[in-house]
Amino acid sequence: MSWRRTLVIAIPMLWLGIFFLAPFFVLGRISLAEAIIARPPFTPLFDRAPDGTLEIIASLENYRFLFQDALYRNAYLSSIRIALVSTIFALLIGYPIAYYIARAPEPKRSILLLMVILPFWTSFLLRVYAWMGFLRTNGVINNTLMSLGVIDAPLRMMHTDLAVYIGIVYTYLPFMILPLYANLTKLDGALLEAASDLGASPVVTFFTVTLPLSLPGIVAGSMLVFIPAIGEYVIPALLGGPDTLMIGRVLWDEFFSSRDWPVASAVAIVMLFLVVAPIMWLQSVQNRREMD
Amino acid sequence: MRGWFLPMAVALGFIFLYAPIVSLVVFSFNESRLVTVWGGFSTKWYGELLRDRQILGSAWISLQVAFWSANLAVIVGTLGAFVLTRFGSFAGRLLLTGMITAPLVMPEVITGLSLLLLFVSMELTLGWPAGRGLTTIIIAHTTFCAAFVAVIAQSRLRQMDESLEEAARDLGAGPVRVFFDITLPVIASALVAGWLLAFTLSLDDLVIASFVSGPGASTLPMVIFSKVRLGVSPDVNALATIIIGFVLIAVLIAGWLMRRAARKPL
Amino acid sequence: MDGPAIAADTKPWRDPSANPFISVRGVTKRFGDFTAVSNVDLDIFKGELFCLLGESGCGKSTLLRMLAGFEQPTEGSIRIDGEDMARVPPDRRPTNMMFQSYALFPHMTVEKNVAYGLLREGMKKSDAYAKAAEMLRMVKLEKLARRKPDQLSGGQRQRVALARSLVKRPKLLLLDEPLGALDKKLREETQFELIKIQETLGVTFIVVTHDQDEAMTLATRIGVMKDGIIEQIGEPREIYETPRSRFVADFIGTVNLFEGVVEAAAPDMMRIATPDLGDVMVLPQEGLTRGQTIWGAVRPERFALTRKRPEDMPNAWEGVVEEMGYIGHMSQYRVRLPSGALIRASQSNRLREEAPISWDEKVWISVPPAAFRVLTE
């Protein structure tokens with residue numbers, strides 16, 4: 001192996017090894033420490049015992065705490081629920097749009113596609129912020145409905161789980177539409193004509209041909225919505241209520257508000273095994289299937 | 001899916017996508033401090049925004065971070081993608097594949113927290129990086145943006161006709177020459193797309209930056225977040241309008257350039 | 001079911017009182033300002049195997065797609081078995097189509113593909129699969145029923161597509177370049193198989209093809225299309241022997257074309273003057289006037305090559321063999337005349353007693369007046 005080849009391999013390998021992989025070992029090690037009031041706010045791994053011998057301080061206390069306290073279990077479960085429901089709604093809203101764009105003639109197709117991508121290039125935070133103005137007690141929706149006489153008193157939408165669903169669907173909708181669009185444009189029009197020729201009505205053709213063939217696009221799009229949604233912090237923090245439990249938010253509060261770094265680390269490690277690992281496994285299965 | 005259902009669903013979908021943005025822009029020109037009640041046309045919030053030293057300072061920090069992160073991410077990501085698509089098998093290949101794809105599915109809170117803990121531990125044992133600020137944010141952003149660049153570069157490298165590179169080797173170019181003469185120009189458009197994506201992602205990130213930044217190095221999203229946490233405020237609307245304006249102009253220019261390139265005969 | 005009427009034997013199109021099964025009247029199809037099909041009239045009879053022949057972009061596929069219902073005619077009407085098709089969507093038409101790409105559903109097995117159309121009719125699942133199995137036996141694919149399309153060879157896929165389009169016993173089967181994706185040898189075998197199946201089932205076939213050999217082999221009749229217009233409709237022999245235009249003559253087989261002017265016409269003979277061949281005697285034809293520009297078309301095999309000047313031949317020229325190609329059963333020649341004209345001629349190799357004519361030989365080339373087809377367009 002030439003030195004040049006080694007160098008080319010080494011650059012990405014070292015960068016990611018140090019700044020992506022190594023942090024997880026640090027994370028794991030601090031999750032075994034104890035919170036103290038100091039800088040940094042956790043106990044060191046090695047310490048001199050009073051008799052002068054070196055001892056390793058590591059305990060599973062943080063993990064026991066996580067599994068005993070219902071708050072954390074509920075936060076994990078509720079994160080999964082919120083991410084799942086949002087993904088389903090994003091699919092229901094995104095599929096017709098992707099389908100329509102895929103079947104549209106040029107230049108309409110390019111324009112619509114650009115309109116789907118455009119919000120993505122503007123700030124994510126500001127798009128969430130836009131919904132704050134929309135959902136507030138005297139926000140755009142309530143004001144409009146009240147001036148139309150549909151409702152007498154403002155609806156409470158801000159600081160609810162509903163607002164979180166809306167926020168997630170809204171910010172991640174382009175991620176659902178784009179893979180679906182990519183899949184649906186590859187759909188051979190002759191297959192639809194063949195189904196129609198064999199006596200299938202448009203609705204039957206959709207359910208027997210289009211939908212099954214777009215399954216890879218559905219899976220890809222759903223992954224792209226579900227994965228960021230499950231660890232989401234900003235959306236529940238801005239739109240959710242105090243009882244909207246999401247694990248990303250719990251971790252954040254544990255770190256910034258309680259300044260309990262070891263527990264925050266333990267939350268992250270559990271999340272890694274319960275949430276990230278299954279997703280990575282699923283993705284690798286999916287990739288292998290696509291390769292075949 | 002014929003008839004009225006589909007166009008209607010699409011129209012509603014686009015209203016859903018654009019209504020909040022439109023109202024954001026409209027109310028940035030509102031006289032009243034109440035963001036959602038119209039009190040007459042005014043541009044005073046833009047004036048207020050331009051006098052806000054904190055926002056301007058953080059915007060400058062964000063732009064620097066995004067610029068350097070995008071540059072570094074393109075280098076790391078492209079090399080990673082090139083190694084994975086062209087080097088066949090080597091020790092650690094599986095590890096590199098994992099490290100390049102994992103950041104894409106990693107929740108931001110985990111990436112942010114684990115990087116912060118790394119920086120703290122490195123400071124304790126190595127003395128570097130001393131404190132946290134621009135450098136640590138750039139490192140963190142480079143790491144997760146490199147994964148996105150790598151995905152784009154990898155798909156372009158896979159599509160690319162490898163016989164182009166073989167032809168260059170056959171005509172006497174060494175591997176380094178081939179990379180700079182053939183591979184890089186062919187995948188250049190993908191790298192530009194990757195750079196832009198990395199730049200946007202970095203500019204957009206709040207969570208990771210919040211973890212790894214230090215005092216005096218607040219990025220624009222961090223400042224906005226602390227403002228909007230307390231409720232809606234019209235100068236944020238003005239800021240949003242300016243950002244949307246920038247994006248629109250950039251997209252229009254890009255579209256115009258692409259149309260011109262498409263018309264030019266090869 | 002009455003026994004399949006084999007149109008190849010009864011030739012109903014020769015009977016002016018026969019009722020056409022499919023009647024296309026004044027059909028035009030425009031896409032924007034492009035006219036794909038222009039004012040086409042076409043009658044096709046029950047049990048026919050009709051070929052629409054033409055180069056790509058001539059409108060033949062558009063015409064086929066209008067019969068299937070995927071495109072609506074801009075003007076004109078299409079009737080199938082007496083029923084006007086104007087408002088009938090493709091899924092309600094008594095037609096089935098075999099697609100050029102086969103359009104097999106990639107997520108379904110072979111048997112599911114074949115049974116798909118039957119299930120859409122509301123047929124019971126068990127019956128549909130039994131019928132599909134029967135159809136697969138007919139195309140000799142019963143062993144592959146559980147495979148997915150991507151596990152089949154090109155020839156097997158072609159037969160699945162055929163089985164799928166035939167299993168509903170359509171009144172009319174439309175085939176879009178059915179053999180286009182097969183290699184030459186497989187194509188020739190499949191041609192005869194297709195004719196056999198068509199004759200067994202008695203279904204009317206309309207085949208779109210750009211391959212003249214395929215059309216000649218398969219068709220009861222051929223419609224030659226060019227620029228959205230049907231140039232000529234006729235039996236293969238008619239199209240070959242008596243083409244109506246230079247385009248048809250040139251498109252089907254090889255032809256020598258000579259431009260000329262009508263000089264004199266007698267009841268039994270007509271003289272035309274050509275720059276290439278000088279004066280040529282041809283059989284008289286009605287509707288020609290003196291001085292009219294015409295083209296004489298001669299198939300290569302109608303020329304005779306001899307070393308001595310043939311007797312009693314009004315049309316004979318001396319020339320030099322410039323090129324010669326031996327193809328086994330025949331030889332092809334290019335003979336240069338003193339006028340500079342190059343004539344393509346071919347000679348059967350049945351007679352081998354003489355030493356064959358070869359390169360650079362001086363030869364006499366002759367052709368009987370009846371072999372000249374006089375074309376006015």
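Quick look at the structure, then. (Residues numbered from 1 in each chain as written. Chains lettered and ligands numbered in written order. Predicted model: local features only at pLDDT ≥ 70, side-chain atom pairs only at ≥ 80, totals over all residues.)

### Describing the overall build of chain A
In terms of helices and strands, chain A carries 13 helices and two strands. In terms of overall size, chain A is more extended than a compact globule, its C-alpha atoms giving a radius of gyration of 25 Å where 292 residues would be expected to give roughly 19 Å. In terms of its C-alpha atoms, chain A occupies a principal-axis envelope of roughly 85 × 70 × 35 Å. Of all 292 residues assigned to chain A, the portion counted as buried reaches 47%. The long-range share in chain A, meaning contacts at least 24 apart out of those at least 6 apart in sequence, stands at 69%. (Helix = DSSP H or I, 4+ residues; strand = E, 2+ residues; numbered from the N terminus. Rg over C-alpha atoms; globule rule 2.2 N^0.38 Å. Buried ≥ 20, exposed ≤ 12 C-beta atoms within 10 Å, placed from the backbone. Contact = placed C-beta atoms within 7 Å.)

### Thoughts on the overall build of chain B
Each helix and strand in chain B was counted, giving 11 helices and zero strands. Each helix (α) and strand (β) of chain B, taken in turn from the N terminus, gives the series α-α-α-α-α-α-α-α-α-α-α. Dimensions along the principal axes, computed over C-alpha positions, put chain B at roughly 70 × 65 × 35 Å. Counting over 266 residues, chain B shows a buried share of 42%. Counting only contacts in chain B whose residues sit at least 6 apart along the sequence, the fraction spanning at least 24 positions is 75%.

### So, the sheet that holds strand β16 (residues 316-326) of chain C
Residue and element names in this part refer to chain C. Reading across the sheet, the five strands line up as β15-β19-β16-β17-β18 and stay open at both edges, with antiparallel pairing between neighbours. At either end of the open sheet lies a strand with only one pairing partner, and these are β15 (304-306) and β18 (342-348). Put simply, the sheet's adjacent strands are angled 45° from each other on average, direction ignored. As paired elements, β16 and strand β19 (residues 362-366) share five bridges and run antiparallel to each other. Bridge pairing in β19 links Ala316 to Ser366. (Pairing = 2+ DSSP bridges. Axes fitted to C-alpha atoms, helices over the stretch in contact; angles between N-to-C directions.)

### Observations regarding the interface of chain B and chain A
Contact residues are listed per partner, giving 60 residues for chain B and 70 residues for chain A. Elements that contribute at least two residues to the side of chain B that touches chain A include exactly α1 (5-28), α3 (53-86), α4 (93-105), α5 (108-126), α6 (134-159), α8 (175-204), α10 (220-228) and α11 (234-263) of chain B. With 12 residues, α1(B) is the single largest residue contributor to the side of chain B that touches chain A. Among the residues making up the side of chain B that touches chain A, the classes are represented as 48 nonpolar, nine polar and three charged. (Nonpolar A, V, L, I, M, F, W, Y, C, P; charged D, E, K, R; others polar.)

### Focus: the nonpolar core
Core analysis: the biggest nonpolar cluster contains 160 residues, and Ala98(A), Trp131(A), Leu251(A), Val267(A), Leu113(B), Val149(B) and Ala198(B) have the highest contact counts within it. It is helix α7 (residues 161-186) of chain A that contributes the most residues to this core, 16 residues altogether. If we ignore the near neighbours within four places in the chain, the residues touching Val149(B) are Ala73(B), Val74(B), Gly77(B), Thr78(B), Gly194(B) and Ala198(B). (Core = buried A, V, L, I, M, F, W, Y, C linked by C-beta atoms within 7 Å.)

### Thoughts on the pairing of β18(C)
All names here are of chain C. Examined bridge by bridge, strand β17 (residues 330-336) and β18 share seven bridges and lie antiparallel to one another. Of the residues in β18, the one forming a bridge with Tyr333 is Ala345. Here β17 hands over to β18 after five residues, with Gly340 in that stretch at a positive phi of 100°.

### What about the arrangement of the chains?
Interchain contacts are distributed over two pairs of chains, and the most extensive set of them lies between chains A and B. One finds no contact between chain B and chain C; the C-alpha atoms of the two approach each other to within 13 Å at their closest.

### Description of the interface of chain C and chain A
Contact with chain C, which involves 16 residues of that partner, is made by 15 residues of chain A. Those elements giving two or more residues to the side of chain C that touches chain A turn out to be β6 (95-98) and α3 (110-120) of chain C. At three residues, the largest contribution of residues to the side of chain C that touches chain A is made by α3(C). Across the side of chain C that touches chain A, the residue classes tally to eight nonpolar, four polar and four charged.

### A look at α6(B)
All names here are of chain B. Taking 1.5 Å of rise per residue, 26 residues should cover 38 Å, and α6 covers 37 Å from first to last C-alpha, within 8% of that figure. Of all the bends found along α6, the most pronounced is centred on Cys145 and spans about 25°. Burial analysis of α6 places 20 of its 26 residues in the buried class, the great majority of the element. (Expected span 1.5 Å × (residues − 1). Bend = angle between axes of the 7 residues up to and from the residue.)

### Some thoughts on the sheet that holds strand β20 (residues 373-375) of chain C
Residues and elements named next belong to chain C. With antiparallel pairing, the five strands of this open sheet are ordered in space as β13-β12-β11-β14-β20. Two strands lie at the open edges of the sheet, namely β13 (278-282) and β20, each paired on one side alone. Across the sheet, the axes of successive neighbouring strands diverge by a mean angle of 40°, strand direction being ignored.

### A word on the environment of Thr135(B)
Secondary-structure assignment places Thr135(B) in helix α6. Linking Thr135(B) and Val65(B), residues 70 residues apart in sequence, is a C-alpha distance of 8.3 Å.

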